[in-house]
Amino acid sequence: MFPARLTDGYRSFLGGRFNDERARYQTLAEKGQKPEIMVIGCCDSRVAPEVIFDAGPGEIFVVRNVANLVPPYEGGTQNYHGTSAALEFAVQSLRVKHIVVLGHALCGGISAFANSADPLSPGDFIGKWMQQIAPVVERIVPPGENPAMYIRQLELATVEHSLANLMSFPCVRILVERGQLQLHGAYFGVATGVLLIRDPATGEFRPVTETPPLG
């Protein structure tokens, strides 16, 4: 049977948000979506960009994968490129003005890579996918006696890695160089609610606010 949690949630949606924003949904249906922001996030259920940024329908274009990774540009290959396809659509068709790579704390994909976790299946899809960040490890201080700090550094460095890979796409690089597209890095603390934003000049991640509001 279809999960009751989803049917209950759908009924709540119909009587609440959909009813309140019916005109907006109608406009989106008639005129199509025109978001100015693309967010590349992790598929972790605790880190939904629409929730974190309190976004309404049609406001942000989201693609999610394990560990919020952007693979390097590979034109002319026969491989499947889900994230690259979404990126192509966002940049070439939607003409977004901002792309945000949203990393987060407690990322299972990065933890599995750092700890050389055993494959979950014979296909080892996660292990193969996470091999993309192998070059990142060379720039990180070895874990030593503080493995938690090592993981955090790896999570932040992975955001940097994805930003660099974005620039390997010609359509992205050209628009960035023309000043028509901006790239951003961000990092969300699952337990704290703190959002860090990457300073493009220094590469440092700094909180949007000193402390998140309570209550």
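Residues numbered from 1 in each chain as written. Predicted model: local features only at pLDDT ≥ 70, side-chain atom pairs only at ≥ 80, totals over all residues. Heavy atoms only, no water.

**Student:** For this particular structure, what's the right way to read the overall build of the chain?
**Tutor:** Scanning the chain for helices and strands turns up 9 helices and 6 strands. Rg of the C-alpha trace for the chain: 19 Å, near the compact-globule value of 17 Å for 215 residues, within the 12% margin. The principal-axis extent of the C-alpha atoms belonging to the chain is close to 55 × 45 × 40 Å. The buried share of the chain, taken over its 215 residues, is 35%. Within the chain, contacts between residues separated by at least 24 positions form 64% of all contacts whose residues are at least 6 apart in sequence. For the chain, the exposed area adds up to about 13100 Å²; of that, 56% sits on carbon and sulfur atoms. Distance between charge centres in the chain, computed from 18 positive and 21 negative side chains, equals 7 Å. (Helix = DSSP H or I, 4+ residues; strand = E, 2+ residues; numbered from the N terminus. Rg over C-alpha atoms; globule rule 2.2 N^0.38 Å. Buried < 20%, exposed > 50% of the residue type's maximum accessible area, 1.4 Å probe, protein only. Contact = heavy atoms within 4.5 Å. Areas by Shrake-Rupley, 256 points an atom, 1.4 Å probe, with all protein chains shown as cover. Lys, Arg positive; Asp, Glu negative; His and termini not counted. Charge placed at Lys NZ, Arg CZ, Asp CG, Glu CD.)

**Student:** Where do I start with the sheet that holds strand β5 (residues 195–198) in this structure?
**Tutor:** Sheet strands line up and pair through hydrogen bonds in the backbone, either parallel or antiparallel. Overall, mixed pairing links the 6 strands, which are arranged β2-β1-β3-β4-β5-β6 in an open sheet. One side of each edge strand has no neighbouring strand; the edge strands of this open sheet are β2 (60–65) and β6 (205–207). Pairs of neighbouring strands in the sheet enclose a mean axial angle of 25 degrees, with direction left out of account. Where strand β1 (residues 37–42) and strand β3 (residues 98–104) come together, 4 bridges link them in parallel fashion. Opposite V39, over in β3, you have V100 as the bridge partner. Sheet contacts for helix α4 (residues 82–94): β1, β2 and β3; angle to β2, the most-contacted strand, approximately 165 degrees. (Pairing = 2+ DSSP bridges. Axes fitted to C-alpha atoms, helices over the stretch in contact; angles between N-to-C directions.)

**Student:** I'm lost on helix α1 (residues 4–20) in this one. Help?
**Tutor:** The α-helix advances 3.6 residues per turn, and as a result positions three or four apart in sequence lie on the same side. Compared with an ideal rise of 1.5 Å per residue, which puts 17 residues at 24 Å, α1 spans 23 Å between its outermost C-alpha atoms and is within 8% of the ideal. Of all the bends in α1, the greatest measures close to 45 degrees and is centred on F13. (Expected span 1.5 Å × (residues − 1). Bend = angle between axes of the 7 residues up to and from the residue.)

**Student:** Even after reading the chapter, I still don't get the packing of α4 against helix α9 (residues 170–177), so can you show me in this structure?
**Tutor:** A pair of packed helices can be characterised by two numbers: the angle between their axes and the separation between those axes. Between α4 and α9, the least distance of the axes is 10 Å, while the angle of their chain directions is 40 degrees. On the basis of the axis angle, α4 is oblique to α9. The hand of the α4/α9 crossing is left-handed. Across from L87, V91 and Q92 in α4, the residues of α9 making contact are C171, V172 and L175. (Parallel < 35°, antiparallel > 145°, perpendicular 65-115°, else oblique. Left-handed = near helix turned anticlockwise from the far one by under 90°.)

**Student:** Before we go on, may I ask you to explain unusual backbone geometry in this structure?
**Tutor:** Keep in mind that most residues, glycine aside, have a negative phi and that most peptide bonds are trans. A positive phi angle, near 50 degrees, is found at D54, a position not held by glycine. Within the secondary structure layout, D54 lies in the loop between α3 (49–52) and β2. Backbone geometry at S116 places phi at a positive 50 degrees, although glycine is not the residue there. Position of S116 among the secondary structure elements: in the loop between α5 (108–114) and α6 (125–130).

**Student:** Which parts of the structure should I look at to understand the pattern of salt bridges?
**Tutor:** Side chains carrying opposite charge are able to pair once their charged atoms draw close together. Taken as a whole, this structure holds 9 salt bridges when the rule is applied. With its nearest N and O atoms 2.7 Å apart, the salt bridge here joins R17 to E21. Residue R17 is classed as partly exposed on the basis of its relative accessible area of 38%. When its relative accessible area of 18% is taken as the criterion, E21 is described as buried. Ionic pairing is found between E21 and R24, a salt bridge with its closest N-O pair at 3.3 Å. With a relative accessible area of 31%, R24 lands in the partly exposed category. What you see here is one network of salt bridges that share partners, running through R17, E21, R24 and E59. (Salt bridge = Lys/Arg side-chain N within 4 Å of Asp/Glu carboxyl O.)

**Student:** Is there a simple way to explain the packing of aromatic side chains in this structure?
**Tutor:** In this description, an aromatic ring pair is defined by two values, namely the gap between the centres and the angle between the planes. Evaluation of the coordinates by the stated rule reveals 6 aromatic pairs. Judged by centre distance (5.7 Å) and plane angle (50 degrees), the rings of F61 and F89 are tilted. Pair noted here: F61 is in strand β2 and F89 is in helix α4, with a separation of 28 residues, a long-range link. Overall, the relative accessible area of 14% leaves F61 in the buried class. Relative to F169, the ring of Y73 has its centre 5.4 Å away and its plane inclined at 75 degrees; by these criteria the two rings are edge-to-face. Remark: F169 occurs in the loop between α8 (147–166) and α9 and Y73 occurs in the loop between β2 and α4; sequence separation between them is 96 residues. (Phe/Tyr/Trp six-rings, centres within 6.5 Å; stacked < 30°, edge-to-face > 60°.)

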